[in-house]
Amino acid sequence: MTQAIASRARILLLLLLAVTGALLAGAAPASAHAALTGSDPQQGTVVDKAPTQVSLTFSEPIAVSDDSLRVLDPKGKRADKGDPADPSGTTYTVHLLSGLPDGTYTVTYQVVSADSHPVAGAFTFSIGAPSETSVQATAQASDDGPVGWLYSFGRYMSYAGFVVMTGGAAFVLACWRPGAGVRTVQRLVVSGWLTLTAATLALLLLRGSYTRSGKVGDIFDMSLLGEVLQTKTGAALVSRLLLLAAAALFIAVLFGAAQEQRDDTEKPDPTFGLAIGGTIVAAGLAASWAMSEHASQGLQPGIAMPVDIVHLLAVAAWLGGLTALLVALYRAPAETAVDAAAVQRFSRLAFGSVVALVVTGIYQSWRQLGSWSALTDTRYGQLLLAKIGLVVVMAGLAYFSRRWTARLVGTGGPAVRPETAGTDPVTAVSTAKTGTGETGTETAGAREAGTGAEKAGPEVTADTDTDTDTDTDTDTDTDTDGERATAAVGTGQAAVRTAEAPGTGAQAGEGSARAAQLARQRAAVETARQKRLRDADPNRFGLRRSVLAEAGVAVVLLAITTVLTQTEPGRTEQEAKAASSSSAPSSSSSSAQGTGAVTLNMSFDTGGKEGKGVVTVDLNPARVGGNDMHIYVERTDGETLDVPELKVDFTLSAKDIGPLPVAPDRVAAGHWSASDVQIPMAGDWTVEVTVRTSDIDQVTVSKNAQIG
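Residues numbered from 1 in each chain as written. Predicted model: local features only at pLDDT ≥ 70, side-chain atom pairs only at ≥ 80, totals over all residues. Heavy atoms only, no water.

1. Description of the pattern of salt bridges
Here's step 1: Counted according to the given criterion, the structure contains four salt bridges.
Here's step 2: A salt bridge links aspartate 80 to arginine 78; the nearest nitrogen and oxygen atoms lie 2.8 Å apart.
Here's step 3: Relative accessible area serves as the criterion here: at 9%, aspartate 80 is assigned to the buried category.
Here's step 4: What makes arginine 78 partly exposed here is its relative accessible area of 34%.
Here's step 5: Of the charged contacts in the structure, one is a salt bridge between arginine 692 and aspartate 695, with a shortest N-O distance of 3.8 Å. (Salt bridge = Lys/Arg side-chain N within 4 Å of Asp/Glu carboxyl O. Buried < 20%, exposed > 50% of the residue type's maximum accessible area, 1.4 Å probe, protein only.)

In structure tokens, the structure reads:
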């Protein structure tokens, strides 16, 4: 059975890594929670004379440093002076140098939102008339690179450690007190503590580079670490480390009390005190997330933070308890096997946790989305739908687990044979001997072993090692164990007779030691037999399988939750889009440019298989400034054609502007889009579309259009 357990553990580990990697790789580069909602000058506008300052307005307060806001002239040189100022809470300004010449200027920003996530972006405006510029109007976020990936992985591991530590301790306290003395359960809870501690330290070191430069070399920059310690997120991480020290003391008392109770049964039960102390520590750890992330900003933070704490605790109780139950079902020793009553108690705990998750989740969803459309039109809403789907799947699997639990309770739910349950291994041997003779016949030599026990020892030990790796042993294996034990006892009888002959006291002592050795070996055989009997129970087997399936889904659910916390809420995203749309008409009006949607149809042929088709470009409202662009790719018969890559370039040859590259995002099969496509001035623009249909087949087609 050890090999089967190891195989399942490897599968779960690979699933965890694969899902985490896929989700982190698929995350948007700038998964920030503050959005730029306005600027002065506005994006893409042409002003008559040079302004004295540039102002940027965000959807929430942000943290800025000396180089957070920069203005670059057409040659890429700094055109701003002084540090950014904050005149109105969410609007930040930077002063410009005097006497700026005409041309296109680029504004870049790299700031940190109030909920701890980095925000980066860029846009252009022109003085007098647009010109060529050596600056790309794009900004790579500091979280888009190795440091960002490491930080995201650290966040995932911190959530996983919290869930395993908190949920495992809750399972022991609320469902299975004997589990405090089980070594595998102890290792599980301690590993959760170690994971959370290591991840918190890593996040503290990564934080400076994550929010500033994004360079691996800056991870150990002590000056950046000093700046991090002065921020809200840094304070939250330090508070988490202090609470983890208290959690270490709690874990030591939890498992130490179990040992003391076994040694002294008259000692008072510390369960109630441990439950109170553990809840306080767990709530404090959950608050270290709630007070520095989503819940601390936006609508109703005073309500949102306690709700977020309850949500995190419910997740830990459900998923962490499930992990502890899985370990107990697969790895707990036969003499301390988890019983049906403990599984039933966890079933009730999990049900209460799910109810708490649903109630708090509904509130959080309303707060972060704000509308039904945000559920399907924003990345946050789509991830939330995926999370809800996984919760439903887990609830369905939990239903089957409850059915298996009911069957265990209905049949008495013994973990081992009734006649040997609850006894120590040596007593179990004696009980089994006086029964049906499964482990051998009663002999006087069982009490004392002679020199022949030496030969029996390796044989019995080897048999024990073999049988403990088997999940589906039959009665034949049990009989074989009995025959071997009987043979060992028979050999021991001869040894006893030898020992009873006149001899020295040393010989008698040697015989007594060998008798003890034989008793231990027979106890190991009996333990293995009990384990086979326990594992052969079809109800227990079904419960283990359903719990294992729940744990696999939980791994994916936790990964999606991690990505969800790093994604811009749907409410913020839609408000930013609405603000940009409302400012667009004034922009076009002030620059006296006309508007009107443009649709371009271009046939292409890459020369490869399924290489022929038609690409349609819709540009709306086709004016100077920001535009929305949608590209549709179809086969010649009108069916949708899904292509692996598509790029668009805009060129204004008359003014020697461009090509201006645009990298649209894939929305669905055959549908790509890009928002806020900047057109710096009116004219007859050439729109080039590069379509790739395979690894080696691609073609570029173009068409002219009057824009502005």
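Moving on, there is more to tell.
2. A look at the packing of aromatic side chains
Here's step 1: Going through the model one piece at a time under the given rule, you end up with 10 aromatic pairs.
Here's step 2: Seen from their ring centres, tyrosine 151 and tyrosine 210 are 3.9 Å apart, and the 10° between their planes marks the pair as stacked. Of this pair, tyrosine 151 sits in helix 2 (residues 146–174) while tyrosine 210 sits in helix 3 (residues 183–211), and the two are 59 residues apart along the sequence. Comparing tyrosine 151 with tyrosine 210, the two get one shared label, buried.
Here's step 3: When the ring of tyrosine 363 is compared with that of tryptophan 366, the centres are 6.0 Å apart and the planes differ by 40°; the resulting orientation is tilted. Of this pair, tyrosine 363 and tryptophan 366 both sit in helix 8 (residues 340–369), three residues apart, roughly one helical turn. (Phe/Tyr/Trp six-rings, centres within 6.5 Å; stacked < 30°, edge-to-face > 60°. Helix = DSSP H or I, 4+ residues; strand = E, 2+ residues; numbered from the N terminus.)

3. Here we look at the packing of helix 2 against helix 6 (residues 271–290)
Here's step 1: Taken N-terminus to C-terminus, the directions of helix 2 and helix 6 make an angle of 165°; their axes are 11 Å apart at the nearest point. The angle between the axes of helix 2 and helix 6 places the two elements in the roughly antiparallel class. The element helix 2 and its partner helix 6 pack so that their crossing is left-handed. In contact with Ser158, Tyr159, Phe162, Met165, Thr166 and Leu173 of helix 2, helix 6 contributes Thr271, Leu274, Ala275, Ala282, Leu285, Ala286 and Trp289. (Axes fitted to C-alpha atoms, helices over the stretch in contact; angles between N-to-C directions. Parallel < 35°, antiparallel > 145°, perpendicular 65-115°, else oblique. Left-handed = near helix turned anticlockwise from the far one by under 90°. Contact = heavy atoms within 4.5 Å.)

4. Brief notes about unusual backbone geometry
Here's step 1: Backbone torsion omega between aspartate 40 and proline 41 reads 0°, so that peptide bond is classified as cis.
Here's step 2: As for its placement among the helices and strands, proline 41 is situated in the loop between strand 1 (36–40) and strand 2 (46–47).
Here's step 3: A cis amide bond links asparagine 620 with the next residue in sequence, proline 621, at an omega value of 5°.
Here's step 4: With respect to the helices and strands, proline 621 occurs in the loop between strand 11 (612–620) and strand 12 (625–634).
Here's step 5: Phi at alanine 622 is positive, roughly 55°, even though this residue is not glycine.
Here's step 6: Inspection of the secondary structure assignment puts alanine 622 in the loop between strand 11 and strand 12.
Here's step 7: Phi is positive for aspartate 676, which is not a glycine, with a value near 55°.
Here's step 8: Here aspartate 676 is to be found in strand 16 (residues 671–679).

5. A closer look at the pairing of strand 12
Here's step 1: Examined bridge by bridge, strand 11 and strand 12 share seven bridges and lie antiparallel to one another. Across the sheet, residue asparagine 620 finds its bridge partner in strand 12, namely aspartate 628.
Here's step 2: Counting the residues between successive antiparallel strands, the hairpin from strand 11 to strand 12 contains four residues, one of them, alanine 622, with a positive phi of roughly 55°.
Here's step 3: Relative to strand 16, strand 12 is paired through seven bridges, and the arrangement is antiparallel. Of the residues in strand 16, the one forming a bridge with histidine 630 is serine 673. (Pairing = 2+ DSSP bridges.)

6. A short note on the sheet that holds strand 17 (residues 683–692)
The pairing of strands in a sheet happens through backbone hydrogen bonds and is either parallel or antiparallel.
Here's step 1: Strand order in the open sheet made by the four strands is 14-13-17-18, with antiparallel pairing throughout. Both edges of this open sheet fall to strand 14 (657–662) and strand 18 (698–707), since each of them pairs with a single strand only. Averaged over all adjacent pairs, the angle separating strand axes in this sheet is 20°, with direction ignored.
Here's step 2: When strand 17 meets strand 18, the two strands line up antiparallel, connected through 10 bridges. When the bridges of strand 18 are listed, tryptophan 685 appears paired with alanine 705.

7. Section: helix 7 (residues 301–331)
Here's step 1: With 31 residues, helix 7 should reach 45 Å at 1.5 Å per residue; the first-to-last C-alpha distance of 43 Å fits that figure.
Here's step 2: Among the 31 residues in helix 7, 22 count as buried, and that is most of the element. (Expected span 1.5 Å × (residues − 1).)

8. A few points about the confidence of the model for the protein chain
Parts of the model with low pLDDT should not have their predicted coordinates read in detail.
Here's step 1: Taken over all residues, the pLDDT of the protein chain has a mean of 75, while the share at 70 or more is 73%.
Here's step 2: Segment residues 12–32: pLDDT under 50, and 42 contacts once partners within four positions in sequence are set aside and those in other chains are kept.
Here's step 3: A low-confidence stretch, residues 582–595 stays under pLDDT 50, and its non-local contacts, those more than four residues away or across chains, total 18 contacts. (pLDDT = per-residue confidence, 0-100.)

9. Observations concerning the environment of alanine 169
Here's step 1: For alanine 169, the position within the fold is in helix 2.
Here's step 2: For alanine 169, a relative accessible area of 6% gives the class buried.
Here's step 3: Once the C-alpha coordinates of alanine 169 and glycine 179 are considered, the two residues, 10 residues apart in sequence, prove to be 9.6 Å apart.
Here's step 4: Among residues more than four places away in sequence, those in contact with alanine 169 are Val189, Phe250 and Leu254.

10. Looking at helix 2
Here's step 1: Relative to the 42 Å expected for 29 residues at 1.5 Å per residue, helix 2 spans 41 Å between its end C-alpha atoms, a close match to the ideal helical length.
Here's step 2: In terms of burial, helix 2 is a largely internal element, 22 of the 29 residues being buried.

11. Quick notes on a nonpolar patch on the surface
Here's step 1: Judged by side-chain polarity, Leu229, Val238 and Leu242 come together as a nonpolar surface patch covering roughly 260 Å² of accessible area.
Here's step 2: Here valine 238 lies in helix 5 (residues 232–263).
Here's step 3: Given a relative accessible area of 31%, valine 238 falls into the partly exposed group. (Patch = residues over 30% accessible without salt bridge, like charges linked within 9 Å, V, L, I, M, F, W, Y side chains within 5 Å. Areas by Shrake-Rupley, 256 points an atom, 1.4 Å probe, with all protein chains shown as cover.)

12. A few points about the sheet that holds strand 11
Here's step 1: Taking strand neighbours across the sheet as the criterion, the five strands line up as 10-11-12-16-15 in an open arrangement whose pairing is antiparallel. Either end of the sheet is taken by a strand with one partner, and the two such strands are strand 10 (598–605) and strand 15 (665–668). Adjacent strand axes in the sheet meet at a mean angle of 25°, parallel and antiparallel pairs treated alike.
Here's step 2: One ladder, built from three bridges, connects strand 15 with strand 16; its direction is antiparallel. Bridge pairing in strand 16 links aspartate 665 to serine 673.

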